[in-house]
Amino acid sequence: MPSASCDTVLEDIEDIVTQDDSKPQDRLFARKHVVPKVRNRNTQKYLQEENSPPSDSTIPGIQKIWIRTWGCSHNNSDGEYMAGQLAAYGYKITENASDADLWLLNSCTVKNPAEDHFRNSIKKAQEENKKVVLAGCVPQAQPRQDYFKGLSIIGVQQIDRVVEVVEETIKGHSVRLLGQKKDNGKRLGGARLDLPKIRKNPLIEIISINTGCLNACTYCKTKHARGNLASYPTDELVDRAKQSFQDPRKTDGIEKLRFGGKLEHQKEMAKILNHPRVYAFLHIPVQSASDTILMEMKREYCVADFKRVVDFLKEKVPGITIATDIICGFPGETDQDFQETVKLVEEYKFPSLFINQFYPRPGTPAAKMEQVPAQVKKQRTKDLSRVFHSYNPYDHKIGERQQVLVTEESFDSKFYVAHNRFYEQVLVPKNPSLMGKMVKVDIYESGKHFMKGQPVSDAKVYVPSISKPLAKGEVSGLTEEFRNRCGNHLSSLSHTSAAIERGSVSSRTVPQMQRLQEDCALKISVGLALLALLFAFFVKVFN
C-alpha cells in the first residue's frame, strides 16, 4: 500500500494548531453564550401519542366487528358461526363497515371475481386503518400470498377459535391458524356444529353435513382449501337440527328443509324429497353436456348418468325443481361440445340455472391447459344465457293456489319472498304479519325467476312460533357449555364496560394505570438489582 509523503515532519499533533486558531478556552467561552433554539413540536399530536395506549393494553371484547362473506352456503354458515361466537364474547357485530374497529373478511376461491373483491376489500381496510382478519378458502388454499403479509388468518377448520384470533389482532399481533382437525388420526369435518351463530336470516338455518370432496376436478380451487371429504358425526347433525327446530321462533310441523350437493343414493333421496316437511328441490351441477369435456374436468360421470338421475327424480318426485350449474369455455371446449350443452338446456328447461364463464384458478390443472379465447368464452356465456331466458318456467302455474312459507324481503324491498313446495320463489305483499308464516296464495303473475301470489283472505295462516321470533342479529344456539366457557370472560368485560360508562375509569385511564404499574415494577426490579450489587461489593471489600 503506498505511503503518504510529507515535506515537513510534525513532532507533535499540537504543531498543527497555529496562533490564529481559537484556543480551547475560547471555544468554551463561546459555548456559554449559545442560546439553544426551542424545537417546535406538535403539542396535540404529542399528547395524543402519550395518551394512546400501547396495542397490548387494548381491552378485547368491546370492539365493533364487520363481517363480509363471499361464496357458497357452507361459507355463509361459517360466517354465521364466527359472528355468533364473537357476539357471545361481547363483541358488537355491526353492518356499518366504516364504524367497525376490525373487518373479518370471509373469502371464496371458486372464481377470480370473488377473489378480486376480497383483495380490494383488504386494501380498503388497510387504507382506513382497520384491523383485519382473513378467513375462508382463499387464504386457506394460498396462505403465502404477498397481499396477506402481516395479516391474521383463520383457517376453514379453525373457526371455533375466531375469538382468539380477533383478540390477538386487536392487540396488534398477527396470528395464523390453518391446521386440520383430527380425532385419533382421522380428519374431521371441521369445527363443532354446536357453536353459537348469528343467522343472516333468523328464519333460515344452514347445516353442513360434510366438508371437502371425494373428487379432484381439474378446475376446482376449493379442494385445495377444504381438502378431502370428511363428514360431521351423525349425532352432531341430529343435535344441531333439533336445536334449530327448538328455537322459540318455530314449532314442529312447519319447518322446511332444502338439500343441495352431489347425488348418489337416488331412491333414498326420492323418499326424503317426498316428505311434506322437505322442499322438493335438488341442486345437481352438470357443468357440461359433453362427455369429452366432463372427462377433461375429471367429473367422474357422463351426461347419460346425469340424465338418468334427473329423469328418475322427475318420475318419483312429481314437480321437483332441479337446479344445475354450467361452465362455458372450459379449456378444449369446441363449438360442438358447447352445442351439446345448449341442447341439454333446451331439453330440460331448468328453472334454475347458474351459468359461469370459465376462470383459470392458480394452481389447478385446468390453468395449465390450452385456454379458449376470452372473447369466445364471453360469447358462449351470452348465447347460453339467451337460451335460458327464452322460456318461462312458471307461466303454466298462473291460477294455482299454493301454500308458501314467507322468509325474507325482496332485493328491491317492495315484496316479501316466499317459497312453495318446490322451492320456487313467490312474491307476496309486504305485510309484516306474513313474515315467518305459512300462507295460502293465489298465483296471478309470473316472471322468469318468480311468481306473484295474493294471500287468500279466508285461508288459515300457520304461525310457526309460540313466542316472539329471534331478532335480526340475535345469537342462536348458545349452549350451556359455551355459556360456561365464556362466562368469566363476559363477567370481566361487563365490569370493565360498566366502569367506563360510569366515568370512573376512562378508556385512556385503564392503559395508563397498566403502564404505571409496569413502570413501578420496573423501578422496583432495578432497585433490587442495584441493592444486590452494592451488597456484593461491600461483602467483597470488608472480607
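Residues numbered from 1 in each chain as written. Predicted model: local features only at pLDDT ≥ 70, side-chain atom pairs only at ≥ 80, totals over all residues. Heavy atoms only, no water.

1. Quick word on the overall build of the protein
Counting its regular elements, the protein contains 15 helices and 18 strands. Counting only contacts in the protein whose residues sit at least 6 apart along the sequence, the fraction spanning at least 24 positions is 70%. With the model as given, the accessible surface of the protein reaches about 31700 Å², and the carbon-plus-sulfur share is 54%. (Helix = DSSP H or I, 4+ residues; strand = E, 2+ residues; numbered from the N terminus. Contact = heavy atoms within 4.5 Å. Areas by Shrake-Rupley, 256 points an atom, 1.4 Å probe, with all protein chains shown as cover.)

2. So, the sheet that holds strand β6 (residues 176-177)
Strand order across the open sheet formed by six strands is β2-β1-β3-β4-β5-β6, with parallel pairing between neighbours. Each edge of the open sheet is held by one strand with a lone partner, namely β2 (92-94) and β6. In the sheet, strand β1 (residues 64-69) pairs with β2 via three bridges, with the strands oriented parallel. In the strand pairing of β2, Trp66 is matched with Thr94. Lying over the sheet, helix α4 (residues 112-127) contacts β3 (102-107) and β4 (131-136), oriented at roughly 170° with respect to β3. Strands in contact with helix α6 (residues 162-170) are β1, β3, β4, β5 (152-154) and β6; relative to β4, the strand with the most contacts, it is inclined by about 155°. (Pairing = 2+ DSSP bridges. Axes fitted to C-alpha atoms, helices over the stretch in contact; angles between N-to-C directions.)

3. What to know about the pairing of strand β14 (residues 401-409)
Bridge analysis of β14 against strand β17 (residues 438-446) gives five bridges, and the strand direction is antiparallel. Each residue of the ladder has a partner; that of Leu405, found in β17, is Met438. Looking at chain direction, β14 and strand β15 (residues 415-419) are connected through four bridges and run antiparallel. For Glu409, the partnering residue across the bridge sits in β15 and is Tyr416. Where β14 hands over to β15, the hairpin turn is made up of five residues, of which Ser413 adopts a positive phi near 65°.

4. Quick word on the side chain of Thr324
Counting through the fold element by element, Thr324 comes out in strand β12 (residues 321-328). Residues in contact with Thr324, not counting those within four places in the same chain, are His283, Ile284, Pro285, Val286, Phe306, Phe350, Ser352, Leu353 and Phe354.

5. Some words on the pattern of salt bridges
Here the structure, examined in full by the defined rule, presents 21 salt bridges. Ionic pairing is found between Arg192 and Asp194, a salt bridge with its closest N-O pair at 2.4 Å. Among the ionic pairs, Arg308 bridges to Asp305, the shortest N-O distance being 2.5 Å. Placement of both Arg308 and Asp305 in helix α11 (residues 303-316) is noted, with a separation of three residues, approximately one turn of the helix. The class of Arg308 is partly exposed, set by a relative accessible area of 48%. Each of Glu80, Lys197, Arg199, Glu205 and Arg240 takes part in a single network of salt bridges with overlapping partners. (Salt bridge = Lys/Arg side-chain N within 4 Å of Asp/Glu carboxyl O. Buried < 20%, exposed > 50% of the residue type's maximum accessible area, 1.4 Å probe, protein only.)

6. A closer look at the environment of Asn75
Its location among the elements puts Asn75 in helix α3 (residues 73-88). Separated by 2.8 Å, the side chain of Asn75 and the backbone oxygen of Trp70 make a polar contact. (Polar contact = N/O pair within 3.5 Å; in protein donor to acceptor, adjacent residues only side chain to side chain.)

7. Structural notes on the sheet that holds β17
With respect to topology, five strands assemble into a closed barrel ordered β14-β15-β16-β18-β17, the strand pairing being mixed. Going from strand to strand, the sheet's axes swing by 55° on average, the running direction of each strand aside.

8. A closer look at helix α8 (residues 234-245)
Over its twelve residues, α8 runs 17 Å from end to end, which matches the ideal 16 Å to within 8%, given 1.5 Å per residue. Taken together, the buried positions of α8 are Leu237, Arg240, Gln243 and Ser244. All buried residues of α8 project into a common sector of 130° when viewed along the axis, lining one side. Each element contacted by the buried residues of α8 is listed here: α3. (Expected span 1.5 Å × (residues − 1). Arc of directions from axis to C-beta.)

9. Structural notes on the nonpolar core
Counting 33 residues, the largest nonpolar core has Leu273, Leu313, Ile322, Leu344 and Leu384 as its most contacted members. For this core, the elements supplying multiple residues, two or more each, are α9 (266-273), α11, β12, α12 (335-348), β13 (352-357) and α13 (374-388). Broken down by element, this core gets its largest block of residues, six residues, from α11. When residues no more than four places from it in sequence are discounted, the contact partners of Leu384 are Ile326, Cys328, Phe338, Thr341, Val342, Val345 and Ile355. Formed by 28 residues, the second largest nonpolar core is a distinct cluster that contains Ala88, Ile159, Val163 and Val166. (Core = buried A, V, L, I, M, F, W, Y, C linked by side-chain atoms within 4.5 Å.)

10. Regarding the environment of Ala114
Counting through the fold element by element, Ala114 comes out in helix α4. Residue Ala114 is classed as buried on the basis of its relative accessible area of 16%.

11. Topic: α4
Across its 16 residues, α4 extends 23 Å between first and last C-alpha, which sits within 8% of the 22 Å expected from 1.5 Å per residue. For α4, the set of buried residues is Ala114, Glu115, Phe118, Ser121, Ile122 and Ala125. When α4 is viewed along its axis, its buried side chains cluster within an angular range of 115° and face the same direction. When the buried face of α4 is taken as reference, the exposed residues oriented beyond 90 degrees from it are Lys123 and Glu127.

12. Considerations on the packing of α3 against α6
Running from N to C, α3 and α6 point in directions that differ by 65°, and their axes come no closer than 9 Å. The two elements α3 and α6 meet at a crossing, and its hand is right-handed. Facing α3, whose interface residues are Met82, Gln85 and Leu86, α6 presents Val162, Val163 and Val166. Class assignment of the residues belonging to the contact of α3 with α6 gives a composition of five nonpolar, one polar and no charged. (Left-handed = near helix turned anticlockwise from the far one by under 90°. Nonpolar A, V, L, I, M, F, W, Y, C, P; charged D, E, K, R; others polar.)

13. Concerning the packing of α9 against α11
One can describe the packing of α9 onto α11 by two numbers: an axis separation of 10 Å at closest approach and a directional angle of 35°. Here α9 runs over α11; the crossing is right-handed. In this structure, α9 contributes Gln266, Lys267, Ala270 and Leu273 to the contact, and α11 contributes Val309, Phe312, Leu313 and Lys316.

14. A closer look at the confidence of the model for the protein
Predicted confidence across the protein gives a mean pLDDT of 81, with 74% of residues reaching 70 or more. Here helix α2 (residues 43-51) is the element of the protein with the lowest mean pLDDT, 46, and α12 is the one with the highest, 98. Low pLDDT, under 50, characterises residues 45-57; the stretch is placed with 15 contacts to residues that sit more than four places away or in other chains. (pLDDT = per-residue confidence, 0-100.)

15. Observations concerning the packing of aromatic side chains
Summed over all chains, the structure comprises eleven aromatic pairs. One cation-aromatic arrangement involves Lys349 over Tyr391; the distance from NZ or CZ to the ring centre is 5.9 Å. Over the ring of Phe388 we find Lys448, and its NZ or CZ is 3.9 Å from the ring centre. (Phe/Tyr/Trp six-rings, centres within 6.5 Å; stacked < 30°, edge-to-face > 60°. Lys NZ or Arg CZ within 6 Å of the ring centre and 35° of its normal.)

16. Re the state of the cysteines
What the rule picks out here adds up to zero disulfides. Free of any disulfide, Cys108 has its nearest cysteine sulfur in Cys72, 6.4 Å distant. Residue class for Cys108 comes out buried when judged on its relative accessible area of 12%. Distance from the sulfur of Cys217, which forms no disulfide, to the nearest cysteine sulfur (Cys213) is 5.9 Å. (Disulfide = S-S within 2.5 Å.)

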